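Each chain, written out:
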Amino acid sequence: MEVSSFRFPVEWLLSIDSVSLRIWGTTLRIDGPTYRCDMFRPQLTPRLNHSSTKLALPRLIVTLLLVLASCAVTARADGVSAVEFSIDVMSVLSKSGCNAGTCHGNLNGKGGFKLSLRGQDPQHDFHALALASRGRRINPTAAENSLFLRKATGSLAHRGGIRFEPESDEYHVMLDWLNSGAEGPSSSAVKVVRLDVTPRQAVVVAPQDQLQVAVVATFSDGSSRDVTKRACYELSNLGADVGPGGTVHRSKFGETTLIVRYLDLQVPVAIAFTRDQPEFKWSDPPSNNEVDDHVFAKLKRLRINPSPLCEDNVFVRRAYLDAIGRLPTAGEARRFVASAEADKRARLIDELLMRPEFSDFWALKWADVLRTEEKVLDTKGVEVFHAWIRDSIAAARPLDEFVRDLVTGTGSTFENPPANFFRSQRDPSTRGETTARLFLGTRLQCAKCHNHPFDRWTQDDYYGWSSIFSQIKYEIGDAKRKDKLDNNEFAGDQIVLVAKQDEVRNPNSGDVVTPKLLGDREFSSDDLQDRLQHLATWLTSRENELFVKSQTNFIWYHIMGRGLVDPIDDFRMTNPPGNPELLDALADEFASSGFDLRSLVRTIMNSRTYQLSSEPNASNVDDETCHSRALIRRLGAEVLLDMQSDVLDVPAEFAGYPLGIRAVQIPGVKRKRLRDEASKSGDRFLKTFGKPDRILACECERSNETTLKQAFVLIGEGLNERLAAPDSRFQKWSASEISDGQLIDELFWTALSRPPTDVEFDGAMKFIGNSDADTRQGAVQDIAWALMNAKEFLFRN
């Protein structure tokens, strides 16, 4: 064995900390302050110290001279250990953005060079960087001429631009790695086990407009390192921007979340930028329930005063629209506003929760995400599935029972409606992704091709979860597709069965995957006997935090207009709740109530937070996330169309449905295809105003945005015809003996749930007064048209 080791006093050598030499696969390394010289061949690891091997100094000098004459020398002045690929090089690749999804971390790579997304696989990246393409990307004998370094520094053309400068720390790390032999990941290398970020949350008050974070990584050997300059930083929104060194600069006032990432660990930092308010004084509003306790505690910390309570006429309109998707009648609104009862708001909420329209409205919300559409489920399948959803809500079935029926639903999709849930999900991956999205608030699809870049889920998690759903098959009857070219269309009944099918295989290894609960344990042999039943029990358990919180958040979103976690199907550490304490409290209450939908809706609507005005004050004008005021939002397509029908007292028309059905009550999307029957104005209105096609099991498919086309629809199509209909409410009024003043008052209460202001009243009176008996009808129609095109009508405030 050719091994030589020497120890000798510092003064025998030049004053250096470390020298590394490499010649023909043999390495000489000298380290200080007590210097060790090892000369060894690659497979030989023993080292003999000077007590067992005594060599004369002349031999040492001759050895040094020979090596210095034959190889390159790299001096390391920082006194740290040799560059480790899995720690140092991987962090440089991440910091420089080389392994980002828009660069070489793309599924197909870029320019023939592919890295693992965000550095998830160091072994793969070493092979790609050092060995692939016959090793052309690196040059250990002339490191500074390596193709990788020349492109990254811009000395060679690079479509990704300059990633770091030659003077940068990143450059020198890569140069040191190349000069030290360009070795791959070591199995004995330390691992990062904890990431500490300071501060974890901050309130930055103007005139201060920036925040510097510090990041310390702790490794498996107990050592720690300041990695502030090497960590990666991303922000959750455009409220701020962040520099490469971890300095967050305010772009506008409000909240943002900074995601700090180092190697495979991520930590969120909640940051709020607030205005300087030297005269700020907490308004100390009263609290109605625990919702207010948590909301107001956060607002006080952020120096934000909530808006005052909304007026009675605003509340009655808001409560009707949020609970049942309908306007109050003029009489209902007048009676509520005139009432002097102290508890009238709580009593109104209780009344609305028991009305049949509540079940209609919430069935619509579930029908959207459960994909009740005719092309996949057939018209009859849509009708029976929608009826089952509505009946479940009307019967006040606990939400956990409702979900259990869905994920265990088998048999005829016409005779057992919950079986339609799996009818629309045709493969194990889709079933797994949909179940996780709807009932765990988790987006898994990224983990199908690689470990999730923003969440904890790995490819193993993805395929283990998908494997639970692998034994589902379908018996399709003789019914023919109406469109033979559309493979997604199914006509007639289908039988959903659990039967022996091919198991899911890991695409990387090809091995059969054992079913595994998401973030939990693998199935036992007993569990495998009834996978769906075991899934349902675990999924809907009160101890399943993701299930309880995601369903709580779903309900909060539909009442308040924004989820505590937003988007509502994206629960992850790097997308934290806007108010974690509030979500915890509501989730506990929801589970304790036996997953009672009405109970949670009642709690939210009775809170002072829900009943706040939408008018901002000086301290909350920038707030969009803390619920210091009501959020103004455009009403949904079905609600808007039904509001028009209620105001006009003329129903909208829909292809394939009887006249008189409300838009909210429509079970599916298109009962009749356009080639079978021409669409009606009601169908076109719903499409224009964002009714989803229900192709995705996602709330994101519905659009409540405003568009130019919507403005054109409101100007004419459908509305004008119904305004002029002989049985229209306004046609009857204009032809009656009712006075102009009474007519105007009735118009405003019917459309806006309030009386006209003095200015509005005088203007309307003048407008009608200038018309004669023959044109009075047209004047009334014009006023009604103006009210139904007003922002106050179209938006919920």
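An account of the accompanying structure is given in this report. (Residues numbered from 1 in each chain as written. Predicted model: local features only at pLDDT ≥ 70, side-chain atom pairs only at ≥ 80, totals over all residues. Heavy atoms only, no water.)

Digging into the overall build of the protein
Check the secondary structure of the protein and you find 29 helices and 20 strands. When contacts within the protein are restricted to residue pairs at least 6 apart in sequence, long-range pairs at least 24 apart make up 65% of them. Looking at the protein as shown, the accessible area adds up to about 36,800 Å², and 51% of this sits on carbon and sulfur atoms. (Helix = DSSP H or I, 4+ residues; strand = E, 2+ residues; numbered from the N terminus. Contact = heavy atoms within 4.5 Å. Areas by Shrake-Rupley, 256 points an atom, 1.4 Å probe, with all protein chains shown as cover.)

A word on the sheet that holds strand 14 (residues 254-262)
With mixed pairing, 4 strands are arranged side by side in an open sheet as 7-15-14-11. Either end of the sheet is taken by a strand with one partner, and the two such strands are strand 7 (201-205) and strand 11 (232-235). Recorded for the sheet is a direction-independent mean angle of 25 degrees between the axes of neighbouring strands. As judged from the 4 bridges shared by strand 11 and strand 14, these two strands associate in the antiparallel manner. Within strand 14, the residue paired with Leu235 across the bridge is Leu258. (Pairing = 2+ DSSP bridges. Axes fitted to C-alpha atoms, helices over the stretch in contact; angles between N-to-C directions.)

With respect to the sheet that holds strand 12 (residues 240-242)
A sheet is described by the order of its strands in space; here 3 strands give the open sequence 8-13-12, paired in antiparallel fashion. Where the open sheet ends on each side, the last strands, each with one partner, are strand 8 (210-212) and strand 12. Neighbour-to-neighbour, the strand axes of this sheet turn through a mean angle of 15 degrees, independent of strand direction. Here strand 8 runs beside strand 13 (residues 247-250); their pairing, made up of 3 bridges, is antiparallel. Bridged to Gln210 within strand 13 is His249.

Brief notes about the environment of Phe361
Within the element layout of this structure, Phe361 appears in helix 10 (residues 356-369). You can call Phe361 buried: its relative accessible area is 7%. In this structure the C-alpha to C-alpha distance between Phe361 and Leu321, which are 40 residues apart in sequence, comes to 9.6 Å. Ignoring any residue separated from it by four or fewer positions in sequence, one finds Phe361 in contact with Leu321, Asp322, Ala323, Ile324, Gly325, Val639 and Val664. (Buried < 20%, exposed > 50% of the residue type's maximum accessible area, 1.4 Å probe, protein only.)

Digging into the nonpolar core
Counting residues in each nonpolar core, the largest one holds 142 residues, and the members touching the most others are Trp362, Trp366, Leu370, Phe439 and Trp465. Discounting chain neighbours no more than four positions away, the residues touching Trp465 are Gly432, Thr435, Ala436, Leu440, Leu444, Lys516, Leu517, Leu518, Leu535 and Trp538. (Core = buried A, V, L, I, M, F, W, Y, C linked by side-chain atoms within 4.5 Å.)

Focus: the pairing of strand 18 (residues 494-498)
As judged from the 2 bridges shared by strand 16 (residues 411-412) and strand 18, these two strands associate in the antiparallel manner. The residue bridging Ser412 from the neighbouring strand is Ile495, located in strand 18. Direction of pairing for strand 17 (residues 472-476) relative to strand 18: antiparallel, over a ladder of 5 bridges. Looking at strand 18, one finds that Ile476 is bridged to Gln494.

With respect to empty space enclosed by the protein
Scanning all chains against the criterion turns up 2 cavities of 30 Å³ or more. Quantified by volume, the largest cavity comes out at close to 170 Å³. Trp366, Ile393, Arg397, Leu399 and Leu597 are, among the 14 residues lining the largest cavity, the residues nearest its centre. When grouped by side-chain class, the residues that make up the lining of the largest cavity number 10 nonpolar, 1 polar and 3 charged. If you add up the space inside the second largest cavity, you get close to 50 Å³. Forming the boundary of the second largest cavity are Arg318, Met560, Thr609, Tyr610, His627, Arg629, Ala630, Leu631 and Arg796. Of the residues in the lining of the second largest cavity, the class split is 4 nonpolar, 2 polar and 3 charged. (1 Å grid on protein atoms, 1.4 Å probe; cavity = no way out; pocket = protein on both sides within 12 Å on 5 of 7 lines; lining within 4 Å. Points joined across faces, edges and corners; volume = space filled by probe spheres on them. Nonpolar A, V, L, I, M, F, W, Y, C, P; charged D, E, K, R; others polar.)

A closer look at the packing of aromatic side chains
For the coordinates displayed, the defined rule picks out 20 aromatic pairs. Ring centres 4.9 Å apart and planes at 40 degrees place the aromatic pair Trp366 and Phe554 in the tilted group. Taken as a pair, Trp366 in helix 10 and Phe554 in helix 18 (residues 545-560) lie far apart in primary sequence, 188 residues in all. Judged by relative accessible area, which is 5%, Trp366 ranks as buried. The class for Phe554 is buried, based on a relative accessible area of 8%. Each ring, one from Phe547 and one from Phe595, has its centre 5.6 Å from the other, and the planes form 55 degrees; the classification is tilted. Of this pair, Phe547 sits in helix 18 while Phe595 sits in the loop between helix 19 (580-592) and helix 20 (597-606), and the two are 48 residues apart along the sequence. Exposure class is identical for Phe547 and Phe595. Each is buried. (Phe/Tyr/Trp six-rings, centres within 6.5 Å; stacked < 30°, edge-to-face > 60°.)

What to know about the side chain of Ser412
Looking at where Ser412 falls in the secondary structure, it is placed in strand 16. Here the side chain of Ser412 touches Glu415 through a polar contact of 3.1 Å, landing on its backbone nitrogen. Only 2.6 Å separates the side chain of Ser412 from the side chain of Asp493, close enough to count as a polar contact. For Ser412, the contacting residues outside a window of four places in its chain are Ala419, Asp493, Gln494 and Ile495. (Polar contact = N/O pair within 3.5 Å; in protein donor to acceptor, adjacent residues only side chain to side chain.)

Looking at helix 5 (residues 169-179)
Side chains of residues three or four places apart in an α-helix project in the same direction, reflecting 3.6 residues per turn. Summarising burial for helix 5: 8 of the 11 residues are buried, a large majority. Of the residues making up helix 5, those classed as buried are Glu170, Tyr171, Val173, Met174, Leu175, Asp176, Trp177 and Leu178. Positive backbone phi, approximately 115 degrees, marks Gly181, located one or two places after helix 5.

Topic: the pattern of salt bridges
Opposite charge on two side chains permits pairing when their charged atoms draw close. Taken as a whole and assessed by the stated rule, the structure comprises 42 salt bridges. Of the charged contacts in the structure, one is a salt bridge between Asp745 and Arg334, with a shortest N-O distance of 3.0 Å. With Asp745 in helix 26 (residues 740-752) and Arg334 in helix 8 (residues 330-338), this residue pair connects regions lying 411 residues apart in the sequence. Classification of Arg334 as partly exposed rests on a relative accessible area of 27%. The salt bridge partner of Asp405 is Arg397, with a shortest N-O separation of 2.8 Å. Taking relative accessible area as the criterion, Arg397 reaches 25% and is therefore assigned partly exposed. (Salt bridge = Lys/Arg side-chain N within 4 Å of Asp/Glu carboxyl O.)

Points about unusual backbone geometry
The peptide bond linking Thr198 to Pro199 adopts the cis configuration, its omega dihedral lying at -5 degrees. Structurally, the position occupied by Pro199 is in the loop between strand 6 (192-198) and strand 7. Following Ala206, the chain continues into Pro207 via a peptide bond in cis, with omega recorded as 15 degrees. Position of Pro207 relative to the elements: it lies in the loop between strand 7 and strand 8. Positive phi outside glycine occurs at Phe595, with the angle close to 55 degrees. A positive phi angle, close to 60 degrees, is found at Arg694, a residue other than glycine. Its place among the elements puts Arg694 in the loop between helix 22 (681-688) and helix 23 (708-715).

A closer look at the state of the cysteines
For the structure shown, the criterion picks out 1 disulfide. A sulfur-sulfur separation of 2.1 Å characterises the disulfide bridge that pairs Cys698 with Cys700. On the sign convention where negative is left-handed, the bridge of Cys698 and Cys700, at about 135 degrees about the S-S bond, is right-handed. Cysteine Cys449 remains unbridged, with the sulfur of Cys446 as its closest cysteine sulfur at 8.7 Å. (Disulfide = S-S within 2.5 Å.)

Side note on helix 3 (residues 122-135)
The terminal C-alpha atoms of helix 3, which comprises 14 residues, lie only 17 Å apart, well short of the 20 Å expected from a rise of 1.5 Å per residue. Its maximal kink placed at Ala128, helix 3 deviates by approximately 50 degrees. As for helix 3, its buried residues are in contact with helix 2 (85-95), helix 4 (147-152) and helix 5. (Expected span 1.5 Å × (residues − 1). Bend = angle between axes of the 7 residues up to and from the residue.)

Focus: the packing of helix 9 (residues 344-353) against helix 20
Between helix 9 and helix 20, whose axes approach to 10 Å, the crossing angle comes to 150 degrees. Taken together, helix 9 and helix 20 sit at an angle that is classed as roughly antiparallel. Crossing of helix 9 against helix 20: the hand is right-handed. Where helix 9 approaches helix 20, its residues Ala346, Ile349, Asp350 and Leu353 are matched on the opposing element by Arg598, Val601, Arg602, Met605 and Asn606. Its residues assigned to classes, the contact of helix 9 with helix 20 shows 5 nonpolar, 1 polar and 3 charged. (Parallel < 35°, antiparallel > 145°, perpendicular 65-115°, else oblique. Left-handed = near helix turned anticlockwise from the far one by under 90°.)

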